[in-house]
Amino acid sequence: MRRILTALVFAGVGSMAAAQSSTSPVVVELYTSQGCSSCPSADRVLEKLSSRDDILPLSLHVDYWDYIGWADTFANPAFTERQKVYARNMGERMIYTPQMVINGGAHVVGNRPMDVADALNLAKDTRGATSLSVKLDGSTLRIQAMAIDPAGAPYAVQFVTYLPEETVKIKRGENAGKEVTYVNVVSGWQHVGDWDGTGEFTAAVNTTPEEDEHAVILQKANQGEVVAAARLR
């Protein structure tokens, strides 16, 4: 496992494709890097999770390993900042790869399958019923959420795009010479709006090219607990 000590200064149409679930999938965010020698095993764990309907696994590539000789082709500094916020929320003084954040409230080392399984089972036991749906109408994604617990408000409504699978030949750095397949590689993370949890929330966002897949995540403010998620597959 690779770690970095940081001073966290924190700083309706009949032809529509639709996805709706009465029980939200568990959202797993894997913070990974092509430059981290411990990450390929975690990337394989995420790949196994990608076939499960009860889990929404997402691969977020960070940029803080780029300095050792290989610039991650998927890295986004915004994902590094997102990981730092989680560290602050969880009382951690460091960020590391590979890290899996489960439903925004727990974290485990991503290449330890038994720890991952335990965290997922716990998250599944505590997830609640939701009424969140996403519908694709041409190039527009329509989001609808019905009333949930207003005590946890405000909720952030987030639109996520991701590439289902990409294989990368890594030429330099700790993984030089390896060919690694990544799944559900996040290509965009957009804040759609805030919601007080009452009544009905509706929104529409423009989608990205057809090779991207789409998901919507409801999360308590300041990257708190994930309370609902829905995706198009």
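Residues numbered from 1 in each chain as written. Predicted model: local features only at pLDDT ≥ 70, side-chain atom pairs only at ≥ 80, totals over all residues. Heavy atoms only, no water.

A. Highlighting the environment of Asp-194. Mapped onto the fold, Asp-194 is located in strand β11 (residues 179-195). Taking relative accessible area as the criterion, Asp-194 reaches 55% and is therefore assigned exposed. Contact partners of Asp-194, with chain neighbours within four places excluded, come to Tyr-155, Ala-156 and Phe-201. Within the local environment of Asp-194, its side chain forms a polar contact with the side chain of His-191, the two groups lying 3.2 Å apart. (Helix = DSSP H or I, 4+ residues; strand = E, 2+ residues; numbered from the N terminus. Buried < 20%, exposed > 50% of the residue type's maximum accessible area, 1.4 Å probe, protein only. Contact = heavy atoms within 4.5 Å. Polar contact = N/O pair within 3.5 Å; in protein donor to acceptor, adjacent residues only side chain to side chain.)

B. Layout of the pairing of strand β6 (residues 99-102). Residue alternation in β6 divides its side chains into two sets, Gln-99 and Val-101 and Met-100 and Ile-102, and both sets are buried. Direction of pairing for strand β3 (residues 26-32) relative to β6: antiparallel, over a ladder of 4 bridges. Looking at β6, one finds that Val-28 is bridged to Ile-102. Bridging between β6 and strand β7 (residues 106-109) involves 4 bridges; their strand directions are antiparallel. By the bridge assignment for β7, Val-101 is matched with His-107. (Pairing = 2+ DSSP bridges.)

C. Local environment of the packing of aromatic side chains. As enumerated under the stated definition, the model contains 6 aromatic pairs in all. For the pair Phe-74 and Tyr-182, a centre-to-centre distance of 6.0 Å together with 80 degrees between the ring planes defines the contact as edge-to-face. Here Phe-74, found in the loop between β4 (55-61) and α2 (77-89), pairs with Tyr-182, found in strand β11; they are 108 residues apart in sequence, far enough to count as distant. Of the two residues, Phe-74 and Tyr-182, both sit in the buried class. Relative to Trp-195, the ring of Tyr-155 has its centre 6.3 Å away and its plane inclined at 50 degrees; by these criteria the two rings are tilted. Of the two residues, Tyr-155 sits in strand β10 (residues 155-169) while Trp-195 sits in strand β11, which places them 40 residues apart along the sequence. Take Tyr-155: its relative accessible area is 3%, and that puts it in the buried class. A relative accessible area of 5% places Trp-195 in the buried class. (Phe/Tyr/Trp six-rings, centres within 6.5 Å; stacked < 30°, edge-to-face > 60°.)

D. The arrangement of the pattern of salt bridges in detail. Tallied over the entire structure, the rule returns 6 salt bridges. Residue Lys-84 pairs with Glu-81 through a salt bridge whose shortest N-O separation is 3.5 Å. Residue Lys-84 and its partner Glu-81 are located together in helix α2, separated by 3 residues, close to a single helical turn. A relative accessible area of 22% means that Lys-84 is categorised as partly exposed. With a relative accessible area of 41%, Glu-81 lands in the partly exposed category. Two residues, Asp-137 and Arg-142, come together in a salt bridge whose shortest N-O distance is 3.4 Å. Through salt bridges with shared partners, one network takes in Arg-52, Asp-54 and Lys-124. (Salt bridge = Lys/Arg side-chain N within 4 Å of Asp/Glu carboxyl O.)

E. Inspection of the nonpolar core at higher detail. Grouped together as the largest cluster of nonpolar side chains are 22 residues, with contacts concentrated most on Val-27, Leu-56, Leu-58 and Ile-217. Apart from residues lying up to four places away in sequence, Leu-58 is in contact with Val-27, Val-28, Glu-29, Leu-30, Leu-46, Val-160, Tyr-162, Asn-184, Val-186, Trp-189 and Ile-217. (Core = buried A, V, L, I, M, F, W, Y, C linked by side-chain atoms within 4.5 Å.)

F. Structural context of unusual backbone geometry. In this chain, Thr-97 is followed by Pro-98 through a cis amide linkage whose omega measures -5 degrees. With respect to the helices and strands, Pro-98 occurs in the loop between β5 (94-97) and β6. Backbone geometry at Asn-184 places phi at a positive 50 degrees, although glycine is not the residue there. Examined against the element boundaries, Asn-184 turns out to sit in strand β11. Judged by its relative accessible area of 7%, Asn-184 is buried. Of note, Gln-223 is a non-glycine position whose phi angle comes to about 55 degrees, a positive value. Topologically, Gln-223 is positioned in the loop between β13 (213-220) and β14 (226-232).

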